Every structure is written in C-alpha cells, then in structure tokens.
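Each chain, letter by letter, is given below.
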Amino acid sequence: MVVSAAPEASRAGAEVLAAGGNAMDAAIAAALALAVVYPQAGNLAGGGFLVARTPDGAVYALDFRETAPARARRDMFLGPGGRPVPKASTGSALAVAVPGSVRGYAEAHRRLGKLPWEKVVAPAVLLARNGFRVPGGLARELRLERGVLTRWEETRRVFLPGGEPLAPGTLLRQPELARTLERIARDGPEAFHWGEVAARIAAFVRANGGVLSEEDLAGYAPAWRAPDEIRSGSFAVHTMPLPSSAGLVLRSVLAQLEIVRGIEPTPLDAEGYHHLLEAERRAYADRNRWLGDSDCVAVPLAALLAPSRLAALGASINPARATPSVAVDGATAREREETTHLSAATPDGFAVSLTTTLNGSFGNGALVPGVGVLLNNEMDDFAVAPGVPNLYGLVEGSSNEVRAGGRPLSSMAPTIVERDGRPILVVGSPGGSTIPTTVLQVLLRTLAGTDLAGAVAAPRLHHQHTPDVVFFERGGAPAPLLEALRGRGHVLRERDPIGKVHAIAFDADGRLTGAADPRGWGAPAAP
C-alpha cells in the first residue's frame, strides 16, 4: 500500500508494487510522481528525510536535506542595521539551497530498492509527458500563491497561462520536466547534479542574484544516519535524528507523559491534552534554543535528553494550570509549513516513511526554463538573523545560523512504530513546526485504540512554546474541550488545518490499512 498527497502519486507507487517492486521502490516512485502532480511540495529540487524498516527488522534513516551553498554567509539576508531584507530568504534566488531529493531518492533505491531504477522513475515520466487533470485543491493553491508565482516568467507560462491560474480539470502537461525525468531515469542522479541540467539550474540562480553553483550541485551527498529509537513499554518509535528535531521533541514529550501518566496511552481528553500541551511547551523550548546541524555545531543533546532532566521537566507540569512560557526558557524559530509526506508498506513488514519539501508552497516560485523544476527556498529554515527579532518579532537561536555546507534545522518527522518488535504504524505529515505534534497525536490516538482513519481525521491542537498560545483548527476541537483548556489557563488561537497525515497501519493478521488526511485530497492505493 502507498498513501500520499495525490491519488496519481499513490497509484504510481502501487503500479511499481504490482510490477514486483518492494516498499522502497514504491515510495520513490510516488515521491518522484509528486514532483509532477503536487508541485507545491513534491519536488526534484528540494530535500527531506526518510525512515525505512526492512522485513528483517533493520531500521534505516536517510538525510537528504538541502545544504547551504558554499558562498552562503551568516549575514546574507540582512540589510542596513542588521535587519532582515523582506522576502530575501523566501522569494529570491538567494533563498535557494543545494537540492538533495534526486540523489536522496537514488541512494535510498540503491541500498534498499529492488526493481531497476528506470522502472521506478517511469510513472513520473509518463505523468509529466501525458499530463494529469488539475484537481480543485491545486487550482486553489495556485490562486493563493499567485503573488509568489507571478514574479517568474517561466512559472507564469506553465501555471498561470494568460495571467490566470490553471482551472480545475485542466490537462497539465510538463514536457520540460518529462525530459529531465527521462534523463534521470536513463543516467541516474548524475543527470541532475552534473551536466546540462545542473548548468541550467546554476546559471538561472546566478542570473537572478543567487549563489548556488554547479560545484554545489555536484558536491551534494545524502547522509545515512542512525535512526532515533524511542522506547516506551512494549512500543518502539523510530524517527529522524538531527538535523531533524523530531527525535528530541518526540522523546521529550513521551518521557514527560510517562512521568505524569505512566506508560499507558494518554487519552486525548481535556486532562490528557493539558499534559500533552505542557510537555510540548517544554520540548519546543529546548528545540528552539539549542538545536541545529550537529555536523556543524555542538548540540548538547545528551544533556537535554538525560532521563533525570526529562523526569524533572515532566514533574514540573502543573496538572491543574498552564505554565507561562516566560517561565520555560527558550527561543523560537519559524518554519514554513508546505511540505508533503508519503507512507509505503508491504505485508512482510517492509515500511517506508518519507517526508519531502521545497519549504514554502511552490518553494521560491521559480520554475527553471528548459528544466521544468521548481526551486526551493530552504535557506529560510536557517535562523536568518540569529539573536535579532525577525520580521515577525521572533528571536532565533545561533545554533541554526546560516553556515556554508550546513543543513537547516527541520521539524520533519517520518516515523515508524513497532510493538513487540512488529511494525504497527507508518506515519508522517507536513506542517512545519506542527509536524512532531501532529505525529504524536495520531500516534497517541492509535495506541489508545482509535482506528487509523479516525486518528488521522481527529481535530488537532499544537503548542510550540512561543508564541504562548494553543493553536486549534478552525471548526475542529469541540467547545467543551476548548473551554476546559481555557479554564486551566491556556490561551487559545484559531488557525487553518494542522498537518496532512498519510499513514498506514499493520493489522495483527498482516493486512494493511491506509488513511489519507481529509484535510487534503490524497488517497491510498494498493496493487
């Protein structure tokens, strides 16, 4: 089974399974298809993370997060007086980090795939060449991001012909992207990172004031990392280590909940949500102040996650009253929310959880002429002005400052959960800083006995230390729950939907159940 943000991408993965592929083949086929049919986050010029569990129980974690170009500087987004230049880190060519997706997908396939590479890429090639019908959701997001997209001539030509966003039902063919995918299918990832494609990308970025070079593209390498394993009773949660903050946030919150409530699953009633939100407040204070790319900066992870410290954090939770964030030391960091997640699994226990992003919706909005790929604006995930209030009045920590070759801190949390050594859940979500809390809520509901579809669809809440508010989804959480939280001193703020989860559950008899989040238009597919 494959579950992703677009039915066409899920079907691409299912086709590869039907052709004899394994879960990794299916995941990569779906990810490549998302670059065609879900352009706001699916990508060739972005990056991400994946966690995989093979049938023999081995767990792997691959970091294909983008990196800062060699010519990146700590102050590259600052103007006079050390103030951030508006939109420099989001909508300009300076915002483009070194892409990691193509080499990441190829490396994951090389190590854990089964079918020939060409067969894995083939569904994406066909979708780009033959086209697909624009769904209403994509048409709506093109309208919402018109201001970003209209700044670039090639983007206007493809996605806003005649000055108007593509209408629902329009057949969208992308011949330039099809040719790029054909080259990748024939020659492997080097067709993207070397030669004509790389030269076109680098020349386009340079011509528009950016610093990405052909040498940056040629030198990029994904990194296999030791997955973060979090054990609680009979459960094991496998997720990403740094530069993802998922491991710290999930480990900290689950440990705090154990102190408060024991190892039994936390029911998400008013009391359960109070404890969860308070644990999140404390975990995000650590996340925002201390974390960064551990390959570039010393991160006191062992001290932050010491059992005695986590026990003290849990013990500091007042069961009757919210703790003001000013009393919980930390900084804050912003992170764009438009990402996408897919899950793939086979009944033999092979599971892949993959999250990928361009950072902002449609990245920086630039479509490279002759190549057909949208560029990322991942540089915005660094602290563009360490120690200085950003445009939103938020102060970011220096651990995540811009460093040439560094990887920006992320909240992406591809996760696989086992019980007694057997996989039970493959889960992940987009949503920027809300990703770990989204994964946690689906996990806690599932462990408490909620069916997968119900756990994915249930209303979600979120706390990230700063601002000192509980975010809740518009039209989501029931009024009695919100009133009970207000009664405990929480300040509530309504917002748009939180996350778009795509998950797979393993039943006791080995059957697979898939759930796509009703907040989006994704779907599960099986061969």
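In this text, all values refer to a predicted model and were calculated from it rather than measured experimentally. (Residues numbered from 1 in each chain as written. Predicted model: local features only at pLDDT ≥ 70, side-chain atom pairs only at ≥ 80, totals over all residues. Heavy atoms only, no water.)

**Here's the deal with the sheet that holds strand 12 (residues 422-427)**
Strands in a sheet are paired, the pairing made by backbone hydrogen bonds, and the direction either parallel or antiparallel.
Here is step 1 of the chain: If you walk across this open sheet you meet the six strands as 7-8-11-12-16-17, and the pairing is antiparallel. Both outer strands of the open sheet, strand 7 (228-232) and strand 17 (512-516), are each paired with one neighbouring strand and no more. Taken over all neighbouring pairs, the strand axes of this sheet differ in orientation by 20° on average, direction set aside.
Here is step 2 of the chain: Sheet analysis places strand 12 next to strand 16 (residues 502-506), joined by two bridges and oriented antiparallel. (Pairing = 2+ DSSP bridges. Helix = DSSP H or I, 4+ residues; strand = E, 2+ residues; numbered from the N terminus. Axes fitted to C-alpha atoms, helices over the stretch in contact; angles between N-to-C directions.)

**Quick look at the nonpolar core**
Here is step 1 of the chain: Core analysis: the biggest nonpolar cluster contains 88 residues, and Leu44, Leu181, Phe192 and Ile201 have the highest contact counts within it.
Here is step 2 of the chain: Each residue touching Phe192, except ones within four places of it in the same chain, is listed here: Leu44, Ala45, Pro99, Val102, Thr180, Ile184, Val197, Ala198, Ile201, Leu217 and Val373.
Here is step 3 of the chain: Grouped together as the second largest cluster of nonpolar side chains are 69 residues, Leu277, Ala351, Met412 and Ala477 included. (Core = buried A, V, L, I, M, F, W, Y, C linked by side-chain atoms within 4.5 Å. Buried < 20%, exposed > 50% of the residue type's maximum accessible area, 1.4 Å probe, protein only. Contact = heavy atoms within 4.5 Å.)

**Remarks on the side chain of Arg53**
Here is step 1 of the chain: Considering the arrangement of structural elements, one finds Arg53 in strand 2 (residues 47-53).
Here is step 2 of the chain: Look at Arg53 and you get buried, because its relative accessible area is 5%.
Here is step 3 of the chain: In this structure Arg53 touches Ala58, Val59, Gly349, Phe350, Ala351, Ile416, Glu418, Gly421, Arg422 and Pro423, once residues within four positions along its chain are discounted.

**Looking at the pairing of strand 10 (residues 351-357)**
Here is step 1 of the chain: With seven of seven residues buried, strand 10 lies mostly within the body of the structure.
Here is step 2 of the chain: Neither face of strand 10 is left uncovered, since the one carrying Ala351, Ser353, Thr355 and Thr357 and the one carrying Val352, Leu354 and Thr356 both have all their residues buried.
Here is step 3 of the chain: Summarising the sheet, strand 9 (residues 339-345) and strand 10 pair through seven bridges and their orientation is antiparallel. Residue pairing in the sheet places Thr339 in a bridge with Thr357 of strand 10.

**Digging into the pattern of salt bridges**
Here is step 1 of the chain: On inspection of all chains with the given rule, the structure shows 29 salt bridges.
Here is step 2 of the chain: The salt bridge partner of Arg65 is Asp381, with a shortest N-O separation of 2.8 Å. Here the residue Arg65 occupies a position in the loop between strand 3 (59-64) and helix 3 (101-112), and Asp381 occupies one in the loop between strand 10 and strand 11 (415-419), the gap between them amounting to 316 residues.
Here is step 3 of the chain: By relative accessible area, Arg65 is classed as buried at 0%.
Here is step 4 of the chain: In this structure, Glu190 engages Arg103 in a salt bridge whose closest nitrogen and oxygen atoms are separated by 2.7 Å. (Salt bridge = Lys/Arg side-chain N within 4 Å of Asp/Glu carboxyl O.)

**Comments concerning the packing of aromatic side chains**
Given two aromatic rings, their pairing is described by the distance between the two centres and the angle made by the two planes.
Here is step 1 of the chain: A full pass over the atoms with the stated rule returns five aromatic pairs.
Here is step 2 of the chain: The ring of Trp224 carries Arg111 above its face, with NZ or CZ at 4.7 Å from the centroid. (Phe/Tyr/Trp six-rings, centres within 6.5 Å; stacked < 30°, edge-to-face > 60°. Lys NZ or Arg CZ within 6 Å of the ring centre and 35° of its normal.)

**A few points about the sheet that holds strand 1 (residues 2-4)**
Here is step 1 of the chain: The antiparallel open sheet is built from seven strands, whose spatial order is 6-3-2-10-9-1-18. Both edges of this open sheet fall to strand 6 (223-225) and strand 18 (523-525), since each of them pairs with a single strand only. Neighbour-to-neighbour, the strand axes of this sheet turn through a mean angle of 15°, independent of strand direction.
Here is step 2 of the chain: Along the sheet, helix 2 (residues 23-37) contacts strand 1, strand 2, strand 9 and strand 10; its crossing angle with strand 9, the most-contacted strand, is approximately 155°.
Here is step 3 of the chain: On the sheet, helix 3 packs against strand 2, strand 3, strand 6 and strand 10 and is oriented at approximately 160° with respect to strand 3.

**As for the packing of helix 2 against helix 3**
Here is step 1 of the chain: Two numbers describe how helix 2 lies on helix 3: the axes approach to 9 Å, and their chain directions differ by 165°. Compared by their axis directions, helix 2 and helix 3 come out roughly antiparallel. Viewed along their axes, helix 2 and helix 3 form a crossing whose handedness is left-handed. Here Met24, Asp25, Ile28, Ala31 and Leu32 of helix 2 come into contact with helix 3, specifically with Tyr105, Ala108, His109 and Leu112. (Parallel < 35°, antiparallel > 145°, perpendicular 65-115°, else oblique. Left-handed = near helix turned anticlockwise from the far one by under 90°.)

**A word on helix 4 (residues 117-130)**
Here is step 1 of the chain: Compared with an ideal rise of 1.5 Å per residue, which puts 14 residues at 20 Å, helix 4 spans 20 Å between its outermost C-alpha atoms and is within 8% of the ideal.
Here is step 2 of the chain: The axis of helix 4 is deflected most strongly, by about 30°, at Pro123.
Here is step 3 of the chain: Taken as a whole, helix 4 has its buried residues at Trp117, Val120, Val121, Pro123, Ala124, Val125, Leu127 and Ala128.
Here is step 4 of the chain: On the buried face of helix 4, the contacting elements are helix 1 (7-18), helix 2, helix 3, strand 4 (132-133) and helix 8 (175-187).
Here is step 5 of the chain: Backbone geometry just downstream of helix 4 places Gly131 in the positive-phi region, at approximately 90°. (Expected span 1.5 Å × (residues − 1). Bend = angle between axes of the 7 residues up to and from the residue.)

**A word on helix 1**
Here is step 1 of the chain: With twelve residues, helix 1 extends 16 Å between its outermost C-alpha atoms, agreeing within 8% with the 16 Å of an ideal straight helix rising 1.5 Å per residue.
Here is step 2 of the chain: Of all the residues in helix 1, the buried ones are Glu8, Ala9, Ser10, Ala12, Gly13, Ala14, Val16 and Leu17.
Here is step 3 of the chain: As for helix 1, its buried residues are in contact with strand 1, helix 2, helix 4, strand 4 and strand 18.
Here is step 4 of the chain: At the exit of helix 1 stands Gly20, carrying a positive phi of roughly 105°.

**Concerning the environment of Phe350**
Here is step 1 of the chain: Here Phe350 lies in the loop between strand 9 and strand 10.
Here is step 2 of the chain: Considering only alpha carbons, one finds Phe350 and Glu141, 209 residues apart in sequence, at a separation of 34 Å.
Here is step 3 of the chain: Non-local contacts of Phe350, meaning those with residues more than four positions away in its chain, are made with Asn22, Ala23, Met24, Arg53, Thr54, Pro55, Leu112, Ala344, Ala345 and Phe506.

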